Structures are given as C-alpha cells and as structure tokens.
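The lines below spell out each chain.
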Amino acid sequence: MNTERRKELLDEWKNRSPEMGVISICCKLTGDLFIGISKDTRADFNSNRFKLAANGHPNKQLQKLWNEYGADSFEFSLVKKLKYENPHDDHTQKLKDLLEECSAEMPQANKIWR
C-alpha cells in the first residue's frame, strides 16, 4: 500500500462517526442482563465477545454465565443510540446520562464493566 492511500484511509478512520450508545449483553436462558456505554458499538461487541471467549472478561458474573451456557445463549444489542453531530467532541457525559436513564428503565440490569 502506498503512502498516499494509507494517509487517505487514516483520514477516513479519524473522521468516521461510529455508532455510540448503551449496549446490552443478555443471557437468553437465564434472563441476566448487562448494560454499558459504548463509544463504538461494533468494536465493543467484538471486544466483549473476544474477552468472553478467551475467559478473560473483567465481569466475573458475565464470564461465569458465558462459560456455563456458551456463546449461542447470548444476545448482544444496542439499547439506545446516542445522536450526535461532531465525532471529535467528548460524548462521555451524554453517554453516562443515557446509561442512567436505561438503568432506571431496567433496574434488574448489571453493568458490563465494573
């Protein structure tokens, strides 16, 4: 790959607008629900799947369920999407507020990340 093409791809990646919001991981067999904020839902779904498959997820309760019931027993989904204009702004507080709103609506939900 030439330098010009690499620069072009890097600029595209820096200026992308990833999907942000509150994500959930649900064990379909037990009904256990885990929610968390995400600044890039696609990347976070992949990251969580990888950590769970490698038996290295920081949430021990989620990891235990994964080990017991297997990957096919889990559903990964976007609960609420954050609408934003500038991908370079810091959206952390808006995401935290959205998580609190979802936590109030789903009091049985645990946090994905402790």
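Our subject is the structure listed above.
Residues numbered from 1 in each chain as written. Predicted model: local features only at pLDDT ≥ 70, side-chain atom pairs only at ≥ 80, totals over all residues. Heavy atoms only, no water.

Asker: Where do I start with the overall build of the protein in this structure?
Answerer: Helix and strand content of the protein: four helices and four strands. When its helices and strands are written in sequence order, the protein yields α-β-β-α-α-β-α-β. Projected onto its principal axes, the C-alpha coordinates of the protein cover approximately 50 × 35 × 20 Å. Contacts spanning at least 24 positions in sequence make up 63% of the contacts within the protein whose residues lie at least 6 apart. Of the roughly 7600 Å² of accessible surface on the protein, a fraction of 49% belongs to carbon and sulfur atoms. Across the protein, 19 positive and 18 negative side-chain charges occur, with their mean positions spaced 4 Å apart. (Helix = DSSP H or I, 4+ residues; strand = E, 2+ residues; numbered from the N terminus. Contact = heavy atoms within 4.5 Å. Areas by Shrake-Rupley, 256 points an atom, 1.4 Å probe, with all protein chains shown as cover. Lys, Arg positive; Asp, Glu negative; His and termini not counted. Charge placed at Lys NZ, Arg CZ, Asp CG, Glu CD.)

Asker: I'm lost on the environment of Asn 15 in this one. Help?
Answerer: Along the chain, the position of Asn 15 falls in the loop between helix H1 (3-14) and strand S1 (21-27). Sequence separation between Asn 15 and Ala 43 is 28 residues; the distance between their C-alpha atoms is 16 Å. Excluding residues that lie within four positions of it along the chain, Asn 15 makes contacts with Pro 87 and His 88.

Asker: What am I meant to see in the sheet that holds strand S3 (residues 74-81) here?
Answerer: Strands belonging to one sheet form pairs held by backbone hydrogen bonds; the direction of such a pair is parallel or antiparallel. Spatial ordering of the open sheet is given by S3-S1-S2-S4, a layout of four strands whose pairing is mixed. This sheet does not close on itself; its edge strands, each paired only once, are S3 and strand S4 (110-111). Set on the sheet, helix H4 (residues 92-105) makes contact with S1, strand S2 (33-38), S3 and S4; between it and S2 the angle comes to about 165°. (Pairing = 2+ DSSP bridges. Axes fitted to C-alpha atoms, helices over the stretch in contact; angles between N-to-C directions.)

Asker: What is the right way to read the nonpolar core from this model?
Answerer: In summary, soluble globular proteins display a tendency toward joint burial of nonpolar side chains. Residues Val 22, Leu 33, Ile 35 and Met 106 are the most contacted members of the largest nonpolar core, which totals 13 residues. Elements supplying a minimum of two residues to this core: S1, S2 and H4. For this core, the element with the highest residue contribution is H4, accounting for four residues. Ignoring sequence-local partners within four residues, the contact set of Leu 33 consists of Ser 24, Ile 25, Cys 26, Met 106, Gln 108, Ala 109 and Asn 110. By size, the runner-up hydrophobic cluster in this structure holds twelve residues, among which are Cys 27, Phe 45, Leu 62 and Ile 112. (Core = buried A, V, L, I, M, F, W, Y, C linked by side-chain atoms within 4.5 Å. Buried < 20%, exposed > 50% of the residue type's maximum accessible area, 1.4 Å probe, protein only.)

Asker: How should the packing of aromatic side chains be read in this particular structure?
Answerer: For any pair of aromatic rings, geometry is given as the distance between the ring centres together with the angle between the planes. Following the criterion strictly, the structure yields three aromatic pairs and no others. With a centroid separation of 5.1 Å and an interplanar angle of 35°, the aromatic rings of Trp 66 and Phe 74 are classed as tilted. In terms of burial, Trp 66 and Phe 74 fall into one category: buried. Taken together, the ring pairs in this structure connect Phe 45, Trp 66, Phe 74 and Phe 76 into an aromatic cluster. Above the ring of Phe 76, the side-chain terminus of Arg 49 is found at 4.1 Å from the ring centroid. (Phe/Tyr/Trp six-rings, centres within 6.5 Å; stacked < 30°, edge-to-face > 60°. Lys NZ or Arg CZ within 6 Å of the ring centre and 35° of its normal.)

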